[in-house]
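# Coordinate analysis (summary)
Residue-level listing of the chains:
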2 protein chains.
Amino acid sequence: MRKDAVHNRERLLRAARSLFADRGLDVPLEEIARTAGVSIGTLYNRFPTRQALVDAVFEDRMAVVARLAEEALTADDAWDGFVAFLTGVCELQAADLGYNDVAVRGAAAGDPAGGYSLMRRIVDRAHASGQLRADVTLEDMAFVTWGIAATVRATFRVAPGAWRRHLALTLDGLRASAASDSRPLPVPPLTPEQTAVLMPECG
Amino acid sequence: MRKDAVHNRERLLRAARSLFADRGLDVPLEEIARTAGVSIGTLYNRFPTRQALVDAVFEDRMAVVARLAEEALTADDAWDGFVAFLTGVCELQAADLGYNDVAVRGAAAGDPAGGYSLMRRIVDRAHASGQLRADVTLEDMAFVTWGIAATVRATFRVAPGAWRRHLALTLDGLRASAASDSRPLPVPPLTPEQTAVLMPECG
DNA sequence: CCGCAACCTGAGAGGCGCCTCACCTTCGTT
DNA sequence: AACGAAGGTGAGGCGCCTCTCAGGTTGCGG
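Sequence order sets the numbering: in each chain, residues are counted from 1 along the sequence as written. Starting at A for chains and at 1 for ligands, labels are handed out in the order in which the entities are written. Confidence filtering applies because this is a predicted model: local features only for residues at pLDDT of at least 70, side-chain atom pairs given and counted only at 80 or more, and all residues used for totals across whole chains, interfaces and linings. Hydrogens and waters are ignored; side-chain quantities use all the structure's heavy atoms.

### Observations concerning the protein's contact with DNA strand D
In these notes, residues near a molecule or strand are those with any non-hydrogen atom within 4 Å of it. Taken together, the neighbourhood of DNA strand D is formed by 21 residues, with A:Glu30, A:Arg50, B:Arg2, B:Asn8 and B:Thr42 sitting nearest. By atom count, sugar and phosphate contribute 66% of the portion of DNA strand D lying within 4 Å of the protein. Nitrogen and oxygen atoms within 3.5 Å of one another constitute a polar contact, given that in protein one can donate a hydrogen and the other can accept it, and given that sequence-neighbouring residues count only through two side-chain atoms. In this structure, a base oxygen belonging to DNA strand D sits 3.0 Å away from a side-chain N or O atom of A:Arg2. Between DNA strand D and the protein, one listed contact pairs a phosphate oxygen with a side-chain N or O atom of B:Thr42 at 2.8 Å. Sort the elements by how many residues they give to the surface near DNA strand D and helix α3 (residues 40–46) of chain B lands first, with 5 residues. Following the grouping adopted for this structure description, the nonpolar residues are Ala, Val, Leu, Ile, Met, Phe, Trp, Tyr, Cys and Pro, the charged ones are Asp, Glu, Lys and Arg, and the polar ones are all others, Gly among them. Split into classes, the residues belonging to the surface near DNA strand D amount to 8 nonpolar, 5 polar and 8 charged. In DSSP terms, a helix is any run of H or I states spanning at least four residues, a strand is any run of E spanning at least two, and both are numbered starting from the N terminus.

### Remarks on the UniProt feature "DNA-binding region" (unreviewed entry) in chain A
UniProt's feature table lists "DNA-binding region" (unreviewed entry) at residues 28–47 of chain A, given in the numbering used throughout. Its end C-alpha atoms 14 Å apart, residues 28–47 of chain A is made of 75% helix and 0% strand. UniProt positions are given in the numbering used here, feature names are shortened, and annotations may be inferred rather than shown by experiment.

### Points about the interface of chain B and chain A
Accessible area lost upon the coming together of the parts is a frequently used measure of interface size. Contacts: residue pairs with any heavy atoms within 4.5 Å of one another. Taken together, the contact pairs 38 residues of chain B with 38 residues of chain A. Summed over both partners, the accessible area (1.4 Å probe) lost when two parts come together is defined as the buried area. Considering only the side of chain B, the residues that lose the most area to chain A are B:Phe143, B:Arg165 and B:Leu169, jointly responsible for 24% of the buried surface there. Throughout this description, the term salt bridge denotes a Lys or Arg side-chain nitrogen within 4 Å of a carboxyl oxygen of Asp or Glu. Inspection of the chain B/chain A interface yields 4 salt bridges. For B:Arg133, the salt bridge goes to A:Asp172, with nearest N and O atoms at 2.7 Å.

### Some remarks on the domain arrangement of chain A
Residue and element names in this part refer to chain A. Marked domain ranges trace back to an automatic or database domain assignment. Its domain assignment divides chain A into domain 1 (3–57) and domain 2 (59–202). For domain 1 versus domain 2, the distance between C-alpha centres works out to 29 Å. Between domain 1 and domain 2, roughly 920 Å² of surface is buried when both sides are summed, and carbon and sulfur atoms account for 45% of that area. When the area that domain 1 buries against domain 2 is broken down by residue, the three leading residues are Ala 21, Leu 25 and Asp 55, summing to 45%. The closest approach of N and O atoms between Asp 26 and Arg 105, which form a salt bridge, is 3.0 Å. Counting the contacts that link domain 1 with domain 2 gives 7 residue pairs in polar contact (both at pLDDT 80 or more). Counting only elements with at least two residues in the side of domain 1 that touches domain 2, the list comes to α1 (3–23) and α4 (50–57). For the side of domain 1 that touches domain 2, the leading source of residues is α4, giving 5 residues. A class-by-class count of the residues in the side of domain 1 that touches domain 2 yields 6 nonpolar, 2 polar and 4 charged.

### Some thoughts on α1(A)
Residue and element names in this part refer to chain A. Between the first and last C-alpha of α1 there are 30 Å, a value that for 21 residues agrees with the 30 Å anticipated at 1.5 Å per step. Only protein chains enter the accessibility calculation, which uses a 1.4 Å probe. A residue is then buried if its area is under 20% of the maximum for its type, exposed if over 50%, and partly exposed in between. Among all positions of α1, only Ala 5, Asn 8, Leu 12, Leu 13, Ala 15, Ala 16, Leu 19, Phe 20 and Ala 21 are buried. Those residues of α1 hidden inside the fold are in contact with α2 (29–36), α3 (40–46), α4 and α7 (97–104). Once α1 ends, the next one or two residues include Gly 24, with phi positive near 90 degrees. The length a helix should cover is 1.5 Å for every residue beyond the first.

### Overview of the protein's contact with DNA strand C
Neighbouring DNA strand C are 20 residues; A:Arg2, A:Asn8, A:Ser39, A:Thr42 and B:Arg50 lie closest to it. In DNA strand C, the atoms that sit within 4 Å of the protein are 67% sugar and phosphate, with bases accounting for the remainder. The separation between a phosphate oxygen of DNA strand C and a polar side-chain atom of A:Arg46 is 3.2 Å. Interatomic distance of 3.0 Å between a side-chain N/O atom of B:Tyr44 and a phosphate oxygen of DNA strand C. Elements with a minimum of two residues in the surface near DNA strand C: α1 and α3 of chain A together with α1 (3–23) and α2 (29–36) of chain B. In terms of residue count, the dominant contributor to the surface near DNA strand C is α3(A) (5 residues). Looking at the surface near DNA strand C residue by residue, the classes come out as 7 nonpolar, 5 polar and 8 charged.

### Thoughts on α4(A)
All names here are of chain A. Listing the buried residues of α4 in full gives Leu 53, Val 54, Ala 56 and Val 57. An end-on view of α4 places all buried positions within 165 degrees of arc, on one side of the element. Residues of α4 that are buried in the fold lie against α1, α2, α5 (59–74) and α7. An arc is given here, and it is the one of the directions from the helix axis to the C-beta atoms.

### What about the UniProt feature "domain: HTH tetR-type" (unreviewed entry) in chain A?
Feature annotation in UniProt assigns "domain: HTH tetR-type" (unreviewed entry) to the following positions: residues 6–65 of chain A. Between the end C-alpha atoms of residues 6–65 of chain A there is a gap of 27 Å, over a span that is 80% helix and 0% strand.

### Here we look at the pattern of salt bridges
For the structure shown, the criterion picks out 26 salt bridges over all chains. When the shortest N-O distance is used, the salt bridge between A:Arg165 and B:Asp140 registers 2.7 Å. Pair noted here: A:Arg165 is in helix α10 (residues 162–174) and B:Asp140 is in the loop between α8 (112–128) and α9 (141–155), and the two residues belong to different chains. Side by side, A:Arg165 and B:Asp140 carry an identical accessibility label, which is buried. In this structure, B:Asp60 engages B:Arg61 in a salt bridge whose closest nitrogen and oxygen atoms are separated by 3.1 Å. For B:Asp60, a relative accessible area of 38% gives the class partly exposed. The class of B:Arg61 is buried, set by a relative accessible area of 13%.

Printed below as a string of structure tokens:
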């Protein structure tokens with residue numbers, strides 16, 4: 001790749017990163033090109049589809065999630081690790097409306113299987129320690145993502161940080177102790193197949 | 001209003017109701033007109049703005065919510081009433097992607113103050129009975145709406161009913177008993193002013 | 001320094017949805 | 001029956017966004 005092409009690619013990524021971050025994934029491509037100081041044609045030269053651009057911008061995130069997951073697994077307490085992991089992921093969402101969108105629509109690139117299997121281990125460990133309620137499954141984590149994503153989107157400008165309260169309440173519902181006063185969960189969890197459809201990056 | 005005008009208005013409402021219900025609030029107006037067997041001009045004659053159409057379509061819902069709230073207040077058990085109310089509202093959301101959107105963006109017509117003050121009484125009663133955790137406020141109910149709405153939207157075609165599981169987990173986090181194992185909530189609730197901005201219909 | 005391949009550019013075609021308005025039809029009243 | 005007002009119609013203008021391509025420019029190996 002020629003030097004100027006590399007340069008433009010970087011300018012485009014910088015512009016996209018910033019616009020995605022505070023406006024979400026639906027920013028007009030023209031605006032990204034303009035912000036990068038480059039023509040729309042160049043954008044299409046470097047990134048033939050919007051998806052390609054999104055993938056490039058959020059390429060690093062999957063690795064970050066994987067790192068969060070590994071850290072979570074080394075935590076002394078299984079529940080603390082579980083909480084730290086979910087908090088970390090939600091912080092990523094709250095820091096970047098674009099990533100927030102990525103988390104909701106399954107629209108990521110990078111290493112899918114890696115993060116997912118780590119996450120299974122986090123859940124298994126929290127189950128084993130008896131702190132995560134037994135009737136909750138890995139697939140239920142999607143509810144957390146969707147829920148927090150919705151709160152992030154709604155409160156991003158008006159009350160950033162409000163999602164932490166939502167997350168805290170959600171986590172309290174996932175504790176083993178929360179299940180004891182409660183009836184059995186009303187419907188079965190999403191099947192892995194359904195989850196694969198709804199969150200393709202977790203296939 | 002002339003007879004044919006009334007007739008067309010009804011056809012438009014029927015079409016809008018049905019399209020909103022399974023595609024959400026962003027259906028093209030042209031498609032609504034076509035479905036109603038009427039020209040786009042007629043649609044604009046009856047409903048000068050999209051908002052006017054949305055208001056007309058969901059006019060009844062506020063009354064339904066008010067009825068749910070009243071029933072909830074007559075329940076023998078305060079917590080059961082609280083649960084029944086939230087479940088009822090969520091059922092409305094799950095039954096109609098359009099109403100689901102209405103619930104998220106504050107985009108309703110009808111009687112605003114009425115439903116909101118009833119809801120406050122439901123929350124107060126559940127607090128008074130000691131079953132709803134004390135550190136939760138009326139404003140936190142927005143998290144429930146946003147969260148369930150997100151799950152409804154994600155699973156509407158693939159796993160309708162999955163929201164019931166999400167709701168059950170959420171409710172378990174709102175029980176008084178859920179607070180005892182937990183740290184204090186990390187951030188203050190939304191202020192009434194913030195809520196008014198984020199959910200205008202609850203002003 | 002040459003020359004070519006890679007690259008950049010931006011006008012413009014095309015699609016989509018919103019909304020208007022000049023013209024025609026129909027209702028309902030007298 | 002006749003007429004005026006209310007209503008219906010849909011082509012077309014507008015704005016927004018996506019995507020392409022013919023023509024001009026530039027990096028870079030030889």
